[in-house]
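In case you want the letters, here they are:
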Amino acid sequence: MRVPAFFLICSLLPGADLVKEGNQWWSRVGVIADDKMEGRNTGSEGYMRAARYVAAEMERAGLRPAGTTGYFQPIKFTVSQIDETNSSLAVVKGDQVTPIALGPDAALNVRAGLAQKFEAEAVFCGYCLVIPEYNIDDLAGLDVRGKVVVYIGGGPSGVPSELRAHYSSGNERNKAFAKAGVVGIVTIANPKSMDIPWERSTLSRLNATMAVADSAGDAQPKIVFGARMNPASADKILAASGHTFGEILALADSGKDLPHFPLNIKFRATETLKLSEVESPNVIGMLPGTDPKLKDEYVVFSAHLDHLGIGGAIKGDTIYNGAMDDGSGIASILQIAQMIKDQKIRLKRSLLFVAVCGEEKGELGSKFYAVNPTVPSSSIVADLNLDMYLPLFPLKVLEVQGVNESTLGDDIRAAAKKVGVGVQSDKEPDRNLFIRSDQYSFVQEGVPALAFKFGYDSGTPEEKIAKDWLRDRYHAPSDDVNQPVDKEGAALFNRILLDTGMHVANAPDRPHWLPASFFKRFVKNGS
Ligand SMILES: [Zn+2]
């Protein structure tokens, strides 16, 4: 879509040249997603090269260093990698042992603190969710102490998507599991909600996982075993229960209650891990505000600089460039910073541009920043997170996660409306998008936040383009600079985000959660 020039002049986008800005943005993506950056795995030399580029671009845009060492905020991580030849998984019923093939059938969870040898009984508990607000407790009345819980992804249809996403997060589940005495977890995705086919996603089981090195205190030592099953192999673990995966899927897909039952099997696992340590930085730049009081408050633009690095070959390519994920978001925040400088835009509040590491390892860099910010934590008033917003077609409607949770929803609606772009809320709650990106780290510290995708209506060609992209390019080496992209759409998106950020930075009051929002419980005293 090309926005008519008069429209832009009438709007708050003076001097916009979407063709030029789209090209500038895409050339930044080209640098970040270059093969030389080697996929920007957290802790790698390729990531450091990309981090130095981001710091240099922040400096060029007139941002002040706002890390702990210049623009950098280094973080130490422990790294765990599976030694799969010395690992195994099986289902045991009496003296009958059925091997579960690592790769084709299942992937073992990998993190420090897991048992080397494990054996325990298993119980199927539906979605295995505990959502007090909706009187949902899938663990109630089940004997799961010392056992493995097996569950299917998704959740009951009556629960709002952001709330469901929150209670589906590893953190919330682990709290409930620890309380119930669960020692192991096996998840089965609903094929309907799988972004990536199993054959491709299973390659990632060999990737290293990470944890912040000094965070041992909040690990979950009680959960000592975990695996995810290929849905196509799920009947291997259900067979002894008299149930089939097809029967459970049919119930889930028609919104009916799921049964809970013992699986009459034990999981037996041997897991050998290789452990090491790395250091990798977040990159942070700051634009000071001009208002004597409000300049001590900060609006954050965040995106993740890391991606998957070098991994299993797909069509002969081993470099996971991460052009959309999330070269696109990093390029956007740099572009927004540069536009503010070029147009001499003055803002009352200060802006923070935060490029985080460790997102692909579980939002670790953003979590570290949100908990250890380089400005007083109560002074962060909002987070606008740009992660893989997928400008694959013209921008007509923006899907915004968190749009109905805080006053930021009105801010993004107003900015989009100026250029004739609609706003829709999350339409695929089963994909848990609200917790699957870095905004959630800020949400958990009480900060109102939004995340974005190019939206579409179901049944449209745009839906097909977006779904095909996930199937073929998401977390694949083909998410590189040789893919179709709507550069003008991305430029328009950048303008909408700039306008939203300006509005939030200049408003008399800081954003706040709406009274009915579940997430307002995370607000700390004094903010
Ligand atoms: Zn990703």
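What you are looking at is a predicted structure, and each value in this text was computed from that prediction instead of being measured.

(A) Region of interest: the confidence of the model for the protein chain. On average, residues of the protein chain score 93 in pLDDT, and 95% of them are at 70 or above. The low-confidence segment residues 1–10 (pLDDT under 50) makes 18 contacts with residues lying over four places distant or belonging to another chain.

(B) How the structure looks around the pairing of strand E10 (residues 184–188). Most of E10 is tucked away, with 4 of its 5 residues classed as buried. Across 5 bridges, the pairing between strand E9 (residues 148–152) and E10 is parallel. Bridging across to E10, Tyr151 finds its partner in Thr187.

(C) Geometry of the nonpolar core. Counting residues in hydrophobic clusters, the biggest one holds 86 residues, and the most contacted among them are Val283, Leu305, Phe353, Phe452, Ile496 and Leu497. Ranked by the residues each element gives to this core, the list is headed by helix H9 (residues 323–342), at 10 residues. Other than its neighbours up to four places away in sequence, Ile496 contacts Leu395, Ile412, Ala415, Ala416, Val419 and Val421. One finds Ala122, Val148, Phe261 and Ile265 within the second-largest nonpolar core, a separate group that totals 51 residues.

(D) Structural detail: the packing of aromatic side chains. Scanning the entire structure with this criterion turns up 20 aromatic pairs. Seen in terms of ring centroids, Phe301 and Phe353 are 5.4 Å apart; in terms of plane orientation they differ by 10°. Their pairing is stacked. Of this pair, Phe301 sits in strand E15 (residues 298–304) while Phe353 sits in strand E18 (residues 350–356), placing them 52 residues apart in sequence. Phe353 shares its class with Phe301; the two are buried. Where Phe518 meets Phe519, the ring centres are 5.2 Å apart and the plane angle is 85°; that geometry is what we call edge-to-face. Summarising the burial analysis for this pair, Phe518 and Phe519 share the class buried. Every member of this aromatic cluster is reached through a ring pair, and the members are Trp25, Trp26, Tyr389, Phe393, Phe452, Phe454, Tyr456 and Phe493.

(E) A look at the coordination of the zinc ion. Asp325 (OD), Glu360 (OE), Glu360 (OE) and His475 (NE2) make up the full set of protein donors to the zinc ion, lying at 2.0 to 2.5 Å. Coordination at the zinc ion is irregular, judged from the 4 donor atoms that bind it and the angles of 56 to 146° they form at the metal. For the zinc ion, the donor residues sit on a single chain with the sequence spacing D-x34-E-x114-H. On the criterion of sequence distance, the pair formed by Glu360 in the loop between E18 and helix H10 (364–371) and His475 in the loop between helix H13 (461–472) and helix H14 (487–506) is long-range, its members being 115 residues apart.

Conventions and cut-offs
- Residues numbered from 1 in each chain as written.
- Predicted model: local features only at pLDDT ≥ 70, side-chain atom pairs only at ≥ 80, totals over all residues.
- Heavy atoms only, no water.
- pLDDT = per-residue confidence, 0-100.
- Contact = heavy atoms within 4.5 Å.
- Buried < 20%, exposed > 50% of the residue type's maximum accessible area, 1.4 Å probe, protein only.
- Helix = DSSP H or I, 4+ residues; strand = E, 2+ residues; numbered from the N terminus.
- Pairing = 2+ DSSP bridges.
- Core = buried A, V, L, I, M, F, W, Y, C linked by side-chain atoms within 4.5 Å.
- Phe/Tyr/Trp six-rings, centres within 6.5 Å; stacked < 30°, edge-to-face > 60°.
- Donors = N, O, S within 2.8 Å, 3.2 Å for Na, K, Ca; no water.
- Tetrahedral: all angles 85-135°; square planar, octahedral: opposite > 155°, others 65-115°.

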